[in-house]
Amino acid sequence: MLILSIASVSFVFLIGIGLYWRAAPLFNENTLYSLFRSSEWAPSSGKFGFYPFIMGTLWVTLIAIVVALPLCLLTGVYLTEYAKSSVRRVMLPLVNILAGIPPVIYGVWGIFFVVPIVREYVAPRFTEYSSGYTVLTGGVVLAVMIFPILVSIVSEVLKTIPKELKDASLSLGATKWETIKKVVLKRALPGIIAATVLAVSRAFGETIAVLMVCGNVPVAPTSVFDGGYPLPALIANNFGEMMSIPLYDSALMFAALLLFVIIFLFNLVSRIILNRIEHKYSS
Amino acid sequence: MGIKKRKTEETIFKALMVLACIMVGSSLFLIVGTIVVKGLPYLTWDMVSKIPQGGFYIGEEGGVLNAIIGSLYLAGGATVLGLCISIPISIYLNIYLKRGSFLSKSAKLAFDVLFGIPSIVYGAFAFSIMIWMGVRASLLGGVIAVTLLIIPILVRTLDEVIATVPKELKHAALSLGATRWEAAKVILRQIRPGIYTAVLLAFGRGIGDVASVLFTAGFSDNIPIYIDEPAATLPLAIFFQLSSPIPEVQGRAYASALILTIIILVIVVVSHFIAAKQTKHNI
């Protein structure tokens, strides 16, 4: 059991090392800087520029957070501060089910619900033509996917705020909303940031749902109505043919490594913050 | 600010919160509703009882039984394997180690971080293991990838469940002269419903995930008999059928999505009832 436990801890590093080992041949011919900055993606002639894919990932993630964070903050505050317990009893299972829905189902929903809305109603107001398969669509689908994690962690964090603090503010004549705004949210800020970072990393790595609605154009998007091509989609779409072209598999493994490192750091930082919050209030 | 203005602000934000809450809650119904509306017309008995016949992918006879069985095998195998690894780990972390020791702290952090690693990274990593071991895309490869994916889920859930067991139980067992292993057996019996919940959670995640099995499990029109045969999975079947230009095949994708959604909903509802039963036992 000791061995299993130690093995599981070192497993985190094993993933990193394993991916690096597979990606290493790429570094012989390219510098890290050129990999990040170049936007030329032509595997057959050995050109691997990750810029469009990194930008695609960033756009989609950013849109998802901009959509999801305000909604989830409001929901979290409502559920912990205002809602009757009956509302809570209904909402929490709903959020749990939402968390259990597989990515591919989100993707199907995105194609039949979000894509037509973007194509018919949203995009025509701003641009001339859009297929509906855009970074905006991907962002909206992702936003719904990160609702559960955001709502549940924000609620957990808000629950740790001591009642005395709220009572003190209320007894000074502040309204409930003022108490929330100036006391509760201020106190919960580190936790909310940690929750957001976790949600960002979840959005970062999401593959299939985004791949299905994002358009997969290997060009850095310039508006929300452009198609994008996030890193995970790149890996998933090209795995079949990667063994036939030299260095292609290394490039895809490098994409996986990149995702792993970013998400590892994000998760580590936010989990440490969240653990500290929990520890502070439980003892 | 006058009291009236302050009250208005409160009312506005409360309305916004209710609105946000409704949006988050209704997103689930939107998703499930879209899938049901799209999938129900195509759902026939043949879909769930037959494997693809000749010409299935141009809209002829057949069903997705191969994918349903493949997914069940895959998720089932991975869950069993995952349990064999994660039960000893969580017992060791909670019963053998002192709370707050370095190993238990870092192991918990490691599992929190692993929990956040996206499935595509697990898929890529498992794929490099497979190349290293010389395994080709097969049921075995898929089981490896999904096991890696669900171990963090299992460990974290079991950890939470064991934390709900009163400390006195462990102390009582130990003071009666039981070894720590015997005490662990007592606790395991106590948390049996919790184990079921963890299993269902992991199984649901395993059956719905696609990015991890994309390159590890392969795809096949037959039901796998041996562990080294490629196996079809339901999410992957949805994904492939959806990209077909033929309406009948696309229709099958909707029906397959509906089947997957039903499986997930059943799992979630059952685990909800088991969890409810457990809390009843504890009080």
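Residues numbered from 1 in each chain as written. Chains lettered and ligands numbered in written order. Predicted model: local features only at pLDDT ≥ 70, side-chain atom pairs only at ≥ 80, totals over all residues. Heavy atoms only, no water.

Enquirer: I would appreciate a short explanation of the overall build of chain A in the present structure.
Expert: Of the regular secondary structure elements, chain A holds 11 helices and two strands. Overall size of chain A, expressed as C-alpha extent along the three principal axes, is 70 × 60 × 30 Å. For chain A, the proportion of its 283 residues judged to be buried stands at 54%. Within chain A, residue pairs in contact and separated by at least 24 positions form 73% of the contacts whose partners lie at least 6 positions apart. On chain A, roughly 12300 Å² of surface is accessible, and the fraction owed to carbon and sulfur atoms is 65%. Separation between the mean location of the 20 positive side-chain charges and that of the 14 negative ones in chain A comes to 12 Å. (Helix = DSSP H or I, 4+ residues; strand = E, 2+ residues; numbered from the N terminus. Buried < 20%, exposed > 50% of the residue type's maximum accessible area, 1.4 Å probe, protein only. Contact = heavy atoms within 4.5 Å. Areas by Shrake-Rupley, 256 points an atom, 1.4 Å probe, with all protein chains shown as cover. Lys, Arg positive; Asp, Glu negative; His and termini not counted. Charge placed at Lys NZ, Arg CZ, Asp CG, Glu CD.)

Enquirer: Help me out: how do you make sense of the packing of helix H1 (residues 2-29) of chain A against helix H4 (residues 102-116) of chain B in this one?
Expert: Two quantities define a packed helix pair, namely the angle between the helix axes and the distance between the axes. Contact geometry of H1 of chain A with H4 of chain B gives a least axis separation of 10 Å together with a crossing angle of 45°. The orientation of H1 of chain A with respect to H4 of chain B, classified from their angle, is oblique. Viewed along their axes, H1 of chain A and H4 of chain B form a crossing whose handedness is left-handed. Where H1 of chain A approaches H4 of chain B, its residues Leu2, Ile6, Ser8, Val9, Phe11, Val12 and Ile15 of chain A are matched on the opposing element by Leu103, Ser106, Ala107, Ala110, Phe111 and Leu114 of chain B. Of the residues assigned to the contact of H1 of chain A with H4 of chain B, the class counts are 11 nonpolar, two polar and no charged. (Axes fitted to C-alpha atoms, helices over the stretch in contact; angles between N-to-C directions. Parallel < 35°, antiparallel > 145°, perpendicular 65-115°, else oblique. Left-handed = near helix turned anticlockwise from the far one by under 90°. Nonpolar A, V, L, I, M, F, W, Y, C, P; charged D, E, K, R; others polar.)

Enquirer: Explain the pattern of salt bridges to me, please; I cannot follow it from the model alone.
Expert: Pairing between side chains becomes possible if they bear opposite charge and their charged atoms approach one another. Residue and element names in this part refer to chain A. Overall, the coordinates contain eight salt bridges over all chains when judged by the stated rule. Glu81 is the salt-bridge partner of Lys166, the closest N and O atoms lying 3.2 Å from each other. Of this pair, Lys166 sits in helix H7 (residues 163-171) while Glu81 sits in helix H3 (residues 51-82), placing them 85 residues apart in sequence. Here Lys163 and Asp167 are joined by a salt bridge, their closest N and O atoms 3.4 Å apart. With Lys163 and Asp167 both in helix H7 and four residues apart, this pair spans about one turn of that helix. Lys163 gets classed as exposed once you look at its relative accessible area, which sits at 56%. You can call Asp167 partly exposed: its relative accessible area is 35%. (Salt bridge = Lys/Arg side-chain N within 4 Å of Asp/Glu carboxyl O.)

Enquirer: Would you take a moment to explain the interface of chain A and chain B for this structure?
Expert: Buried accessible area, meaning the area lost when the parts come together, often serves as the stated size of an interface. The interface is formed by 73 residues belonging to chain A together with 71 residues belonging to chain B. The largest per-residue losses of area from chain A upon contact with chain B belong to Met1, Phe112 and Trp177 of chain A, which jointly make up 10% of the total buried on that side. Taken together, the connections running from chain A to chain B amount to two salt bridges. Residue Glu178 of chain A is joined to Arg6 of chain B by a salt bridge in which the shortest nitrogen-to-oxygen separation is 2.8 Å. Linking chain A with chain B are eight residue pairs in polar contact (both at pLDDT 80 or more). The class makeup of the residues in the side of chain A that touches chain B is 56 nonpolar, 11 polar and six charged. (Buried area = accessible area lost by both parts, 1.4 Å probe. Polar contact = N/O pair within 3.5 Å; in protein donor to acceptor, adjacent residues only side chain to side chain.)

Enquirer: Can you walk me through helix H8 (residues 176-205) of chain A in this structure?
Expert: Side chains three or four residues apart in an α-helix point the same way, a direct result of the helix having 3.6 residues per turn. For H8 of chain A, spanning 30 residues, the distance from its first C-alpha to its last is only 38 Å, which falls clearly below the expected 44 Å at 1.5 Å a residue. Of all the bends in H8 of chain A, the greatest reaches close to 60° and is centred on Leu189 of chain A; the proline Pro190 of chain A follows between one and four positions later. (Expected span 1.5 Å × (residues − 1). Bend = angle between axes of the 7 residues up to and from the residue.)

Enquirer: Would you explain the domain arrangement of chain B in this entry?
Expert: Residues and elements named next belong to chain B. Assigned domains within chain B: domain 1 (3-42) and domain 2 (49-282). Measuring from the centre of the C-alpha atoms in domain 1 to the corresponding centre in domain 2 gives 31 Å. With seven residues of domain 1 at the interface, the matching set in domain 2 holds seven residues. Both sides together, the interface formed by domain 1 and domain 2 hides about 630 Å², and carbon and sulfur atoms give 86% of it. Of all residues in domain 1, Val32, Ile35 and Tyr42 give up the largest surface area on contact with domain 2, accounting jointly for 63% of the area buried on that side. Viewed at the interface, domain 2 and domain 1 are joined by zero salt bridges. The tally of links between domain 1 and domain 2 comes to zero residue pairs in polar contact (both at pLDDT 80 or more). Among the residues forming the side of domain 1 that touches domain 2, the class breakdown is five nonpolar, one polar and one charged. (Domains from an automatic or database assignment.)

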